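# Notes for the structure review
Each chain, letter by letter, is given below.
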Amino acid sequence: QVQLVESGGGLVQPGGSLRLSCAASGRTFSSYAMGWFRQAPGKEREFVAAIRWDIGSRNYAQSVKGRFTISRDDAKNTLYLQMNSLKPEDTAIYYCAASGTISAIWGSATDFTSWGQGTQVTVSS
């Protein structure tokens, strides 16, 4: 099992940027896919981005493509989500997740078995 702890959320104005971090511990995750999901009030959890740890391939939801970048730091066992050009509709709780299934790169929440507690991102003027 992988333990995940997110950080970096906060309040930002439209057009601003934030970088979320997800520190992983408990087990080496070099063979995992990892991803970010988000859930806005009254809405279902949705896929944001994922990365395959072994080859580094990435996948993004259409709504964030070109604005968000998922990346990793192997030495720090940390996953990142750089969010630029933020919009009010990006407001949500953002969750980090880990999977032992490489098909998780395609963004199905059921493929992810470990989840962080979430970090709030609010985009508002």
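The structure under discussion appears in the preceding block.
Structure report, in brief. (Residues numbered from 1 in each chain as written. Predicted model: local features only at pLDDT ≥ 70, side-chain atom pairs only at ≥ 80, totals over all residues. Heavy atoms only, no water.)

This next bit is on the packing of aromatic side chains. For the structure shown, the criterion picks out 4 aromatic pairs. Centre to centre, the rings of Phe-37 and Phe-112 are 5.1 Å apart; their planes meet at 80 degrees, and the pair counts as edge-to-face. On the criterion of sequence distance, the pair formed by Phe-37 in strand S4 (residues 33-39) and Phe-112 in the loop between strand S9 (92-99) and strand S10 (114-115) is long-range, its members being 75 residues apart. Just as Phe-37 is buried, Phe-112 falls in that class too. A network of ring pairs unites the aromatic residues Phe-37, Phe-47, Phe-112 and Trp-115 as a single cluster. Sitting over the face of the ring of Tyr-95, Arg-45 holds its NZ or CZ atom 3.9 Å from the ring centroid. A cation sits over an aromatic face here: Arg-72 above Trp-53, 5.6 Å from the ring centre. (Phe/Tyr/Trp six-rings, centres within 6.5 Å; stacked < 30°, edge-to-face > 60°. Helix = DSSP H or I, 4+ residues; strand = E, 2+ residues; numbered from the N terminus. Buried < 20%, exposed > 50% of the residue type's maximum accessible area, 1.4 Å probe, protein only. Lys NZ or Arg CZ within 6 Å of the ring centre and 35° of its normal.)

Within the open sheet, the 4 strands sit side by side as S1-S3-S8-S7. Their pairing is antiparallel. The sheet terminates laterally at strand S1 (3-7) and strand S7 (68-73), the two strands that pair on one side only. With strand direction ignored, the average angle separating the axes of adjacent strands in the sheet is 20 degrees. One ladder, built from 6 bridges, connects strand S3 (residues 18-25) with strand S8 (residues 78-83); its direction is antiparallel. Bridged to Ser-21 within S8 is Tyr-80. (Pairing = 2+ DSSP bridges. Axes fitted to C-alpha atoms, helices over the stretch in contact; angles between N-to-C directions.)

This part is about the environment of Arg-27. Looking at where Arg-27 falls in the secondary structure, it is placed in the loop between S3 and S4. Residue classification places Arg-27 among the partly exposed positions, given a relative accessible area of 47%. Arg-27 sits 24 residues away from Gln-3 along the chain, and the two C-alpha atoms are 8.1 Å apart. Beyond its immediate chain neighbours, meaning those up to four positions away, Arg-27 contacts Gln-1, Val-2 and Tyr-32. (Contact = heavy atoms within 4.5 Å.)

Worth remembering: the numbers are spatial, not functional.
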